[in-house]
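The residues making up each chain are set out below.
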Amino acid sequence: MAESLPLEMVTYILSFLPLSDQKEASLVSRAWYCAAQIALREASVQYNIPVSSASLPAIKSLGLRGITCISLTNLDGSPASLQVLRSVTHHLGPHLQSLCLGGGSPTEASFVALILGCPALRILDLSGCNSLFTSGMLLAQPEMAQQVQQALSGLRELSLASLRDLADLSFNRLSSCAPCLERLSMAYCHLTFQLGPAWGTIGPQDSSPSQLSFRNLLRFLKERAGRLHALDLSGTGLPPEALRALGQVAGLQLQELSLHSCRDLSTEAVAALCHQQPGLTSLDLSGCSELADGAVLAVSRGLRHLRRLSLRKLQRLTDAGCSALGGLCELQSLDLAECCLVRGRELAQSLGSVCAAPPPLASLSLAYCSSLKDASVLSLIPGLGPRLRVLDLSSCVALTNQTLQAICTYLTRLSVLRLAWCKELGDWGLLGLGEPIQAPSQEPQPHEELEYRASSPKDPSPQPQGPSLLMLQALQELDLTACSKLTDASLTKVLQFPQLRQLSLSLLPALTDKALVAVAKGCPSLERLALSHCSLLSDQGWAQAASSWPRLQHLNLSSCSQLTEQTLDSVGQACRQLRMVDVAMCPGISIASVRRFQAQLPEVICIQSRFVGGADLTLTL
């Protein structure tokens, strides 16, 4: 029946699947293979290509499939790199739309030849490619610059992040070749700031060949004000005066602005920006340590259409500032991680009153907000609404089972839940059961409470009831790292998520083979699994569990003291898609077994094997 469906319909159906599922579906038949390839192209999936002669057949294959988005890693000036670049130009160049060379060291000549062979580029990432700008002569020849301008006439997005040798002259040459640029990143570049009223009064002929000045950038912004709508100046040390000058550029209507780690910014400068750029829909102020409640008040009053707001690491932000967030009626993503003074009470009231309707939040991070208590989170959760997909409460150490059960009751559509280091969470919370009250004089016995709620004499362990973790069937990522009170009693019953892709159960001292096997049966789609410091896991458990995880790509087993080379053999035979394995500090695993494992799975690109085989750490630390 599936073969009779039109190709367009199969493509539409496959577009709803995760990438790993699309890959599996492409193996069904030739028709499904074609449909999966079309779905991947429409999703703009980026293919990472290591620069080596072994990649040449893959590049040719990608070209035949019409792939439009690639990233080249380990690029340098070697003959192998030049051969790969020529192959990319020939097979992928005519239809390539997104190209990332981040962190590479191409030569200027090879870069120009590559660009000339990619006339359809829309996105170009040169972050960390310092070799292109060291000499200061990139595109210095007018004829070559004119050819590059024709090739980059359709470029919309350019990343020049982390370029230590970028100067005004080379920036002007490259940016002039991209007349239709809409998004620019200069994050962590070494900008120089000259205070005074003369900002932006220089022309291109006054550009510095050795420095990257904010004055020159301001001139560029004035020239492109009508088209540029996204700017990233994170980590540039932007002072308040520079931010005011940026906001005052005539005709500039920014929609996205990232100022991460600009630590000198003041509340007054942010307030001026919000008044000057009211059309902003995304703003990142994380790590701007001088900002306080007033900055958030200014954002809520001036940016009514804001959808994404990051206030991570604002150590001066308090509940008073959070009370203003109720004015952001279109807010979809809010990051308040590491705001240690936020207690959550005012946040619950403000988010619950957004436009007299449930807030449209899809993502909320309160990680490392150590002042959060159950009472404030319990009042916050019911008002978050059914649209929330991502919730991060990592290291909110005071939260208990009551918070977890509220999550399971009201946020049943979550796809990502992070509860790492919430040490008060226990088996009762995962199972959706109320904790029994125990007399102070009684000494607790192992699993005594669980036996108290046994569902029947034949079943000495309780079954999930009420708001248990099982209600979150849409979960794709779950992090329970260091929730040390959790045991097999709950983990064997509630970890049953067919769609789960990423799971962390590291630092759970009571986790045994029984829970491992149960997780393998209940979560067969795992691609990333972390089980570090689970000292009770053994080779026997992995012998039973490994065959259930054919899609596993990342596996962390560091400091699992009972594991031996038998576990590596079991994993190597069953998990053929592995790319990264960590067996550091596993005394039962030898270097010889690690090498044998890598020979068995040559696709594994990273194996962490520090201090394997029982190395004496006192000799190395």
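None of the values given here were measured: they were computed from a predicted structure.

**Digging into the overall build of the chain**
For the chain, the helix and strand inventory stands at 23 helices and 22 strands. Across the chain, contacts joining residues at least 24 apart in sequence account for 77% of those joining residues at least 6 apart. Here the chain has roughly 26900 Å² of accessible surface; of this, 53% comes from carbon and sulfur atoms.

**Some details on helix H4 (residues 56-64)**
Inspection of H4 places Leu56, Ile59, Leu62 and Gly63 among the buried residues, and these make up the whole buried set. One side of H4 holds all its buried residues, which, seen down the axis, span an arc of 120 degrees. For H4, the exposed residues lying more than 90 degrees away from the buried face are Pro57 and Leu64. In the segment just after H4, glycine 66 is the residue with positive phi, at about 70 degrees.

**Looking at the environment of leucine 505**
For leucine 505, the location among the structural elements is in the loop between strand E18 (502-504) and helix H20 (513-522). Separated by 27 residues in the primary sequence, leucine 505 and leucine 478 have C-alpha atoms spaced 8.8 Å apart. In this structure leucine 505 touches Leu480, Leu495, Leu511, Val519, Ala530, Leu531 and Cys534, once residues within four positions along its chain are discounted.

**Some points on the pattern of salt bridges**
Within this structure, the stated rule accounts for 14 salt bridges. Note that arginine 418 and glutamate 477 form a salt bridge whose closest N and O atoms lie 2.9 Å from each other. Here arginine 418 is found in strand E16 (residues 416-418), whereas its partner glutamate 477 is found in strand E17 (residues 477-479), with 59 residues between them in sequence. You can call glutamate 477 buried: its relative accessible area is 14%. A network of salt bridges, in which partner residues are shared, links Glu157, Arg183, Glu256 and Arg308.

**Regarding the packing of helix H8 (residues 168-176) against helix H9 (residues 214-223)**
At a minimum axis separation of 10 Å, H8 and H9 run at an interaxial angle of 20 degrees. One element, H8, and the other, H9, form an angle in the roughly parallel class. In this structure, H8 meets H9 at a crossing whose hand is right-handed. Contacts from Asp168, Phe171, Asn172 and Ser175 in H8 reach Asn216, Leu217, Arg219 and Phe220 in H9. For the contact of H8 with H9, a count of residues per class yields three nonpolar, three polar and two charged.

**Describing unusual backbone geometry**
One non-glycine residue, tyrosine 188, lies in positive phi territory at about 60 degrees. Position of tyrosine 188 relative to the elements: it lies in the loop between strand E6 (183-185) and strand E7 (191-192). Even without being a glycine, tyrosine 368 presents a positive backbone phi close to 65 degrees. Within the element layout of this structure, tyrosine 368 appears in the loop between strand E14 (363-365) and helix H15 (374-380). Since its relative accessible area comes to 43%, tyrosine 368 is described here as partly exposed.

**Some words on helix H10 (residues 240-247)**
In terms of burial, H10 is a largely internal element, six of the eight residues being buried. Those residues of H10 that sit buried are Pro240, Ala242, Leu243, Ala245, Leu246 and Gly247. Looking at the packing, one finds that the buried side of H10 touches H9, strand E9 (230-232) and helix H11 (267-276).

**Side note on the side chain of glutamate 477**
At a separation of 2.9 Å, a polar atom in the side chain of glutamate 477 contacts the side chain of arginine 418. Those residues in contact with glutamate 477 that sit more than four places away from it in its chain are Ser415, Val416, Leu417, Arg418, Leu500 and Gln502.

**Structural notes on the confidence of the model for the chain**
Per-residue confidence for the chain averages 88 on the pLDDT scale, and 89% of its residues sit at or above 70. This stretch, residues 616-621, has a pLDDT under 50; its non-local contacts, to residues over four places away or in other chains, come to three contacts.

**Things to note about a nonpolar patch on the surface**
On the surface, Met9, Tyr12, Ile13 and Phe16 cluster together to form a nonpolar patch covering roughly 470 Å² of accessible area. Residue position: phenylalanine 16 is located in the loop between helix H1 (7-14) and helix H2 (19-25).

**Here's the deal with the pairing of strand E2 (residues 69-73)**
A regular strand carries its side chains on alternate faces of the sheet. Counting buried positions over the five residues of E2 gives four, a clear majority of the element. Relative to E2, strand E1 (residues 47-50) runs parallel, the two sharing four bridges. Paired with isoleucine 49 across the bridge in E2 is leucine 72. Looking at chain direction, E2 and strand E3 (residues 98-100) are connected through three bridges and run parallel. Opposite isoleucine 70, over in E3, you have leucine 99 as the bridge partner. Handedness of the E2-helix H5 (residues 79-91)-E3 crossover: right-handed.

**Brief notes about the packing of aromatic side chains**
Tallying each qualifying case throughout the model produces three aromatic pairs. Between phenylalanine 171 and phenylalanine 220 the ring centres are 5.2 Å apart and the planes differ by 75 degrees, which places this aromatic pair in the edge-to-face class. Taken together, the residues span a long stretch of sequence, with phenylalanine 171 in helix H8 and phenylalanine 220 in helix H9 at a distance of 49 residues. Phenylalanine 171 gets classed as buried once you look at its relative accessible area, which sits at 1%. Its relative accessible area of 2% is what places phenylalanine 220 among the buried residues.

**Observations regarding the nonpolar core**
One finds Leu184, Leu469, Trp542 and Trp549 to be the most contacted residues of the largest nonpolar core, which totals 177 residues. Top contributing element to this core by residue count: H9, with five residues. With near-sequence residues (within four places) excluded, tryptophan 549 lies in contact with Leu516, Val519, Ala520, Cys523, Pro524, Leu526, Leu529, Trp542, Ala574 and Cys575.

**What to know about the environment of arginine 387**
In this structure, arginine 387 sits in the loop between H15 and strand E15 (390-392). A relative accessible area of 45% means that arginine 387 is categorised as partly exposed. For the pair arginine 387 and leucine 411, spaced 24 residues apart in sequence, the C-alpha separation works out to 8.4 Å. Contact partners of arginine 387, with chain neighbours within four places excluded, come to Pro360, Leu361 and Ala362.

The rules behind these values
In this convention, every chain numbers its residues from 1, walking through the sequence in written order. Per-residue local features are limited, in this predicted model, to residues with pLDDT of at least 70; the limit for side-chain atom pairs, both in listing and counting, is 80 or more; totals at the level of whole chains, interfaces and linings are taken over all residues. As a rule here, side-chain values come from all non-hydrogen atoms in the structure, and water together with hydrogens is ignored. Elements are defined by DSSP. Helices are runs of H or I of four residues or more, strands are runs of E of two residues or more, and each kind is numbered from the N terminus. It only takes one pair of heavy atoms within 4.5 Å for two residues to be counted as in contact. Throughout, the Shrake-Rupley method with a 1.4 Å probe supplies accessible areas, and for residues the shown protein chains are the sole cover considered. Partly exposed residues are those whose accessible area sits between 20% and 50% of the maximum for their type, while under 20% is buried and over 50% is exposed, using a 1.4 Å probe and protein chains only. Regarding the arc, it is the one traced by the directions from the helix axis to the C-beta atoms. Any carboxyl oxygen of Asp or Glu within 4 Å of a side-chain nitrogen of Lys or Arg constitutes a salt bridge here. In this analysis, axes come from line fits to C-alpha atoms, helices being fitted only over the stretch in contact, and the angle between any two N-to-C directions falls in the range 0 to 180 degrees. If an angle is under 35 degrees, it is roughly parallel; if it is over 145, roughly antiparallel; if it lies from 65 to 115, roughly perpendicular; otherwise it is oblique. By convention, the crossing between two helices is left-handed when the near helix turns anticlockwise from the far helix through less than a right angle, and right-handed when the turn is clockwise. Each residue is assigned to one of three groups, with Ala, Val, Leu, Ile, Met, Phe, Trp, Tyr, Cys and Pro labelled nonpolar, Asp, Glu, Lys and Arg labelled charged, and all others, Gly among them, labelled polar. Counting of polar contacts relies on pairs of N or O atoms within 3.5 Å, with two restrictions inside protein: one atom must be capable of donating a hydrogen and the other of accepting it, and residues adjacent in sequence are counted only when both atoms are side-chain atoms. Every residue gets a pLDDT, meaning the predictor's confidence in that residue, from 0 to 100. Patch membership requires over 30% relative accessible area and the absence of a salt bridge. Like charges are linked within 9 Å, and nonpolar side chains (Val, Leu, Ile, Met, Phe, Trp, Tyr) within 5 Å. Any two strands with at least two DSSP bridges between them are considered paired. With the strands aimed away from the viewer, a crossover counts as right-handed if its path from the first strand over the helix to the second runs clockwise. Pairing of aromatic rings covers Phe, Tyr and Trp, the last counted by its six-membered ring, and requires centre-to-centre distances within 6.5 Å; plane angles under 30 degrees mean stacked, over 60 mean edge-to-face, and any other angle means tilted. Here, nonpolar core means buried Ala, Val, Leu, Ile, Met, Phe, Trp, Tyr and Cys residues that are tied together by side-chain atoms lying within 4.5 Å of each other.

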